Amino acid sequence: MSVADNTTDRANEAGFGEVTHDLPPLGQDPTRAYRLGIMGGTFDPIHHGHLVAAEQAFGDLGLDLVVFMPAGRPAFKQDRKVSTGEDRYAMTLLATSDNPHFVASRFEVDREGVTYTADTLELMRGIYPENVTLYFITGADAIADIVRWRDAHRIAACAKLVGATRPGYDLESARRTIAASPYPFDVTYLEVPALAISSSYLRERVSAGQSLRYLTPDPVTGYIHKHGLYGLQGPSFGQRGEA
Ligand code: ATP
Ligand code: MG
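Residues numbered from 1 in each chain as written. Chains lettered and ligands numbered in written order. Predicted model: local features only at pLDDT ≥ 70, side-chain atom pairs only at ≥ 80, totals over all residues.

### Details of the sheet that holds strand S2 (residues 65–70)
At step 1: Judged by pairing direction, the sheet is parallel, and its 6 strands sit side by side in the order S4-S2-S1-S6-S7-S8 without closing on themselves. Of all strands in the sheet, those with a lone pairing partner are strand S4 (102–104) and strand S8 (187–190), marking the two edges. Across the sheet, the mean angle separating the axes of adjacent strands is 25° when strand polarity is ignored.
At step 2: The sheet contact formed by strand S6 (residues 132–139) and strand S7 (residues 160–164) spans 5 bridges and is parallel. Opposite Phe 136, over in S7, you have Leu 161 as the bridge partner. (Pairing = 2+ DSSP bridges. Helix = DSSP H or I, 4+ residues; strand = E, 2+ residues; numbered from the N terminus. Axes fitted to C-alpha atoms, helices over the stretch in contact; angles between N-to-C directions.)

Right, here's the structure in full:
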C-alpha cells in the first residue's frame, strides 16, 4: 500500500475525517527507518534563524527531510495581526526552495479555524507509516511553552522534540521545565549557530524602512517589498502618474 493510499484511512481512524495534504511521501521501504523533521512557526516572516536551526537539526539528527509548516491560525498569536497564511506560505516556499532537503507545506494554513500543534502532529502520525519517526523542531523559547500546553501528552505520544539553542532564551530552564513534566517527552537538545534575530525584529526593521539583507533570503525581502507587508508602501504597478 502506498503512502497516498494510507492517508485517508488512517486519518479517519484518528477521527479527523478525510485529509488531503501536500506532505512529502516518506516511509516507502518498510525495511528501513526514516526521520522526518517538522519546523513549525508563524514565519511572519521566515528568517535565517529558522533556516539555520532546521539545517542543524537535519545534519545532527540524520533527518531525511525537514518540512517547514507555517502555522494556520496560531492559538497563541491571536493578539496581533498576523499576515495571511498565503503570504507566510509563499515566503516559506521562497526561503526553502534552493535546499533539496527542505520542503514547504500548506498543511496547517489550509486547515480551518485555530490550529493546534497536537492536532497537526496527530494527523501526521496517522498519515505516515510506523517506520517514519517525527521530530518536531523548536527553539528554546517554544519548547518550554509546548510542554506546558494542555495537549502536551498528545504531542509527546506522536513526536520526538528537538530543542534548539536561541540567543536570549535559556535552554537550561527549558530542560528543567521538560524534566518536571509528567509526560514522557523525548527531547534532543541542539547547539545552533547563534543568530539573535526574530520575525518581530524583521517586521520592525521593515516598518522603519531598514534593510533585511543577511537576515532573511533575498527573495523573501523581495516578496515583502512587492506585497507591501509590515507597513511598507507597496510599489504601484501599472499606476499612471498625475498628468
Ligand atoms: P516572532 O518574533 O514573531 O515571535 P520568531 O522569530 O520567534 O517570530 P516564530 O515563527 O515564532 O519566529 O518561531 C518559529 C520557531 O523557530 C520557534 O520554535 C522558535 O523558537 C524558532 N526560532 C525562531 N528564531 C530563532 C533563532 N534565531 N534561533 C533559533 N530558533 C529560532
Ligand atoms: Mg516567536
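### Re the site of ligand 1
At step 1: In the vicinity of ligand 1, 19 residues are found, and the nearest of them are Gly 41, Gly 49, Gly 139, Ser 199 and Ser 200.
At step 2: Looking at the shell around ligand 1, the elements that each hand over two or more residues are helix H2 (48–61), S6, helix H5 (140–146) and helix H8 (199–207).
At step 3: Per element, the largest residue contribution to the shell around ligand 1 is 3 residues, and it comes from H2.
At step 4: Taken together, the residues of the shell around ligand 1 break down into 7 nonpolar, 9 polar and 3 charged. (Near = placed C-beta within 6 Å. Nonpolar A, V, L, I, M, F, W, Y, C, P; charged D, E, K, R; others polar.)

### Considering the confidence of the model for the protein chain
At step 1: Scored by pLDDT, the protein chain comes out at a mean of 88, with 85% of its residues at no less than 70.
At step 2: In this model residues 1–15 is a low-confidence stretch, pLDDT under 50, and it forms 24 contacts with partners more than four residues away in sequence or in other chains.
At step 3: In this model, residues 238–243 is a region of pLDDT below 50 whose contacts with residues beyond four sequence positions or in other chains number 0 contacts. (pLDDT = per-residue confidence, 0-100. Contact = placed C-beta atoms within 7 Å.)

### Some details on the packing of helix H3 (residues 85–96) against helix H9 (residues 218–227)
At step 1: It is the contact of H3 with H9, at a shortest axis distance of 8 Å, that shows an interaxial angle of 150°. When the interaxial angle is binned, H3 and H9 end up roughly antiparallel. Viewed along their axes, H3 and H9 form a crossing whose handedness is right-handed. On H9, the residues that touch Asp 87, Ala 90, Met 91, Leu 94 and Ala 95 of H3 are Pro 219, Val 220, Tyr 223 and His 227.
At step 2: By residue class, the composition of the contact of H3 with H9 is 7 nonpolar, 1 polar and 1 charged. (Parallel < 35°, antiparallel > 145°, perpendicular 65-115°, else oblique. Left-handed = near helix turned anticlockwise from the far one by under 90°.)

### What about the environment of Phe 68?
At step 1: Position of Phe 68 relative to the elements: it lies in strand S2.
At step 2: With 38 residues separating them in the primary sequence, Phe 68 and Arg 106 have C-alpha atoms 9.0 Å apart.
At step 3: If near-sequence neighbours (up to four positions away) are discounted, Phe 68 is found in contact with Met 39, Ala 54, Thr 92, Thr 96, Phe 102, Val 103, Ala 104 and Ser 105.

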